[in-house]
Amino acid sequence: MPNIYSLKNKTIWVAGHEGLVGSAVVRLLEAQGYEVLTVARAGLDLRDQSAVQRWMGAHKPDVVVLAAAKVGGIGANMAVPAEFIYDNLMIEANVIHGAYVCEVEKLLFLGSSCIYPKDAQSPIKEDALMSGALEPSNAPYAVAKIAGIEMCKAYRAQYGCDFISAMPCNLYGPNDNFDLESGHVIPALMAKAHGAKLAGDNVLSVWGSGRPRREFLYSNDLAAALLVLLEHYSGAAPVNVGTGEDISIAALAKEIKHVTGFEGTLEFRADKPDGVFEKRLDTGIIRSLGWAPQTSLQDGLALLYQWYQARHIKIS
Ligand code: GDP
């Protein structure tokens, strides 16, 4: 498929390169020989408008991948909702407006499948966005992410900016947050299972009923999809990225038992939230652009566990 935009010889800023998504995008771009611009979180606060404008004006990126965001699992979303709405609104407003001011040629913004309405019918098509009420446990995050998508659309409509949005399903991979309280389900359960195995504990605590279903994509596969979108997509509508297949949390917990070698039992915690019951994406558009996931859930979990163990041993 011919490119509609070429990344060749472009300066590509990956905002949020220390995180799960950003680090995967950087690995892929560098492996393909592209010039990648990054700035450490400690060196630039993306919530600070004048600092962002100054930095972008000085570095003049041609392309921006906006992977920086305040993210977390259902626990974190419910514990610090003000940070989820404020940090994300500020980051998006500053970077997207900054990209317009600095005449960035292409910007890719990341939404999330959890910003679709809570009752959206699976497989969820892109046009389900804003067609119903949001899941209350992450509504502040969702409102901020919807604002980012609307900004991309508005800057495209008013100023002709080539700003696009992707809507990934639940993601996992290196550089994820393994904190037991604030992390997403895969890193949290992996860290719990690993800790239980080492401590000789017999029980792995799984939040909720185990019946909700989630669709998981390995971060390297997302990075490949984002490159496809940068080079082959230009449109106002966000594009879903996922495997198109989901798994119950109970079945996921069994896979994590298997990969970590934890041999105890699963305990489902009814006092913890389930969140949305189902949110499987329709992935027809991204597949029509020639992308397909390459990493099975079993392989991805094994890769992540290797990464986690190497890091865990280094730290401890
Ligand atoms: P969500 O897709 O935004 O709900 O993100 P999460 O990854 O936080 O949660 C996905 C599902 O996994 C929810 O139904 C959680 O209740 C369930 N879950 C089970 N155990 C855990 C855990 O230890 N941590 C988290 N975050 N979720 C868990």
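Residues numbered from 1 in each chain as written. Predicted model: local features only at pLDDT ≥ 70, side-chain atom pairs only at ≥ 80, totals over all residues. Heavy atoms only, no water.

Engineer: Outline the site of the ligand, supporting the account with residue identities and numerical values.
Structural biologist: Of all residues adjacent to the ligand, which total 17 residues, the nearest are Ile 74, Lys 192, Arg 214, Pro 273 and Asp 274. Between Asn 170 and the ligand, the recorded distance is 3.0 Å, taken from a side-chain N or O atom to an oxygen atom. Against a free-state accessible area of 540 Å², the protein chains account for coverage of 97% of the ligand. The element contributing the most residues to the shell around the ligand is helix 6 (residues 185–199), with 4 residues. (Near = heavy atom within 4 Å. Polar contact = N/O pair within 3.5 Å; in protein donor to acceptor, adjacent residues only side chain to side chain. Areas by Shrake-Rupley, 256 points an atom, 1.4 Å probe, with all protein chains shown as cover. Helix = DSSP H or I, 4+ residues; strand = E, 2+ residues; numbered from the N terminus.)

Engineer: Residues and numbers for the pairing of strand 4 (residues 106–110), please.
Structural biologist: Counting buried positions along strand 4 yields 5 of 5 residues, so the element is predominantly enclosed. Residue alternation in strand 4 divides its side chains into two sets, Lys 106, Leu 108 and Leu 110 and Leu 107 and Phe 109, and both sets are buried. Judged from the 4 bridges that link them, strand 3 (residues 63–66) and strand 4 form a sheet pairing that is parallel. Each bridged residue has a counterpart across the sheet, and for Val 65 the counterpart in strand 4 is Leu 108. Two strands pair when backbone bridges link them, and strand 4 and strand 5 (residues 163–168) are joined in this way by 4 bridges, in the parallel orientation. Residue pairing across strands places Phe 109 opposite Ser 165, the latter belonging to strand 5. Crossover strand 4 to strand 5 through helix 5 (residues 139–159) is right-handed. (Buried < 20%, exposed > 50% of the residue type's maximum accessible area, 1.4 Å probe, protein only. Pairing = 2+ DSSP bridges. Right-handed = clockwise from strand over helix to strand, strands pointing away.)

Engineer: Tell me about the side chain of Glu 215, residues and numbers included.
Structural biologist: For Glu 215, the location among the structural elements is in the loop between strand 8 (213–214) and strand 9 (216–218). Although Glu 215 is buried, it forms no salt bridge, and the closest oppositely charged side chain is Arg 280 at an N-O distance of 6.2 Å. For Glu 215, the side chain forms a polar contact with the main-chain nitrogen of Leu 281, separated by 2.7 Å. Aside from chain neighbours lying at most four places away, what touches Glu 215 is Cys 169, Asn 170, Gly 242, Thr 243, Gly 244, Glu 245, Asp 246, Lys 279, Arg 280, Leu 281 and Thr 283. (Lys, Arg positive; Asp, Glu negative; His and termini not counted. Salt bridge = Lys/Arg side-chain N within 4 Å of Asp/Glu carboxyl O. Contact = heavy atoms within 4.5 Å.)

Engineer: Lay out the packing of helix 1 (residues 20–31) against helix 7 (residues 219–232) in plain terms, naming residues and giving numbers.
Structural biologist: At a minimum axis separation of 8 Å, helix 1 and helix 7 run at an interaxial angle of 65°. By crossing handedness, the relation of helix 1 to helix 7 is classed as right-handed. Of helix 7, the residues touching helix 1 (which contributes Leu 20, Val 21, Ala 24, Val 25, Arg 27, Leu 28 and Leu 29) are Ser 219, Asn 220, Leu 222, Ala 223, Ala 224, Leu 226 and Leu 227. Taken together, the residues that form the contact of helix 1 with helix 7 break down as 11 nonpolar, 2 polar and 1 charged. (Axes fitted to C-alpha atoms, helices over the stretch in contact; angles between N-to-C directions. Left-handed = near helix turned anticlockwise from the far one by under 90°. Nonpolar A, V, L, I, M, F, W, Y, C, P; charged D, E, K, R; others polar.)

Engineer: Which residues make up helix 8 (residues 249–260), and what values do they have?
Structural biologist: Over its 12 residues, helix 8 extends 16 Å from the first C-alpha to the last, a length consistent with the 16 Å expected when each residue adds 1.5 Å. Taken as a whole, helix 8 has its buried residues at Ile 249, Leu 252, Ala 253, Ile 256 and Thr 260. In a view along the axis of helix 8, the buried residues occupy a sector of 100°, so they form one face of it. Looking at helix 8, the residues exposed on the side facing more than 90 degrees away from the buried face are Lys 254 and His 258. Directly after helix 8, the chain includes Gly 261, whose backbone phi takes a positive value near 80°. (Expected span 1.5 Å × (residues − 1). Arc of directions from axis to C-beta.)

Engineer: Give me the pattern of salt bridges: which residues, what numbers.
Structural biologist: In the structure shown here, the tally under the stated rule is 12 salt bridges. Here Asp 246 ties to Arg 213 by a salt bridge, and the two come within 3.1 Å at their closest N and O atoms. With Asp 246 in the loop between strand 10 (239–241) and strand 11 (247–248) and Arg 213 in strand 8, this pair connects stretches of sequence that are 33 residues apart. Asp 246 gets classed as buried once you look at its relative accessible area, which sits at 18%. On the basis of relative accessibility, which here comes to 30%, the residue Arg 213 falls in the partly exposed class. Each member of the salt-bridge network shares a partner with another, and the members are Asp 45, Arg 47 and Asp 87.

Engineer: Give a description of the sheet that holds strand 4 that names residues and reports values.
Structural biologist: With parallel pairing, the 6 strands of this open sheet are ordered in space as 2-1-3-4-5-10. Either end of the sheet is taken by a strand with one partner, and the two such strands are strand 2 (35–37) and strand 10. Each adjacent strand pair in this sheet contributes to an overall mean axis angle of 25°, direction not counted. Two elements, strand 1 (residues 11–15) and strand 2, share 3 bridges in a ladder whose sense is parallel. Paired with Ile 12 across the strands is Val 36, a residue of strand 2. Helix 5 rests against strand 4 and strand 5 of the sheet, and its axis sits at about 150° to strand 5.

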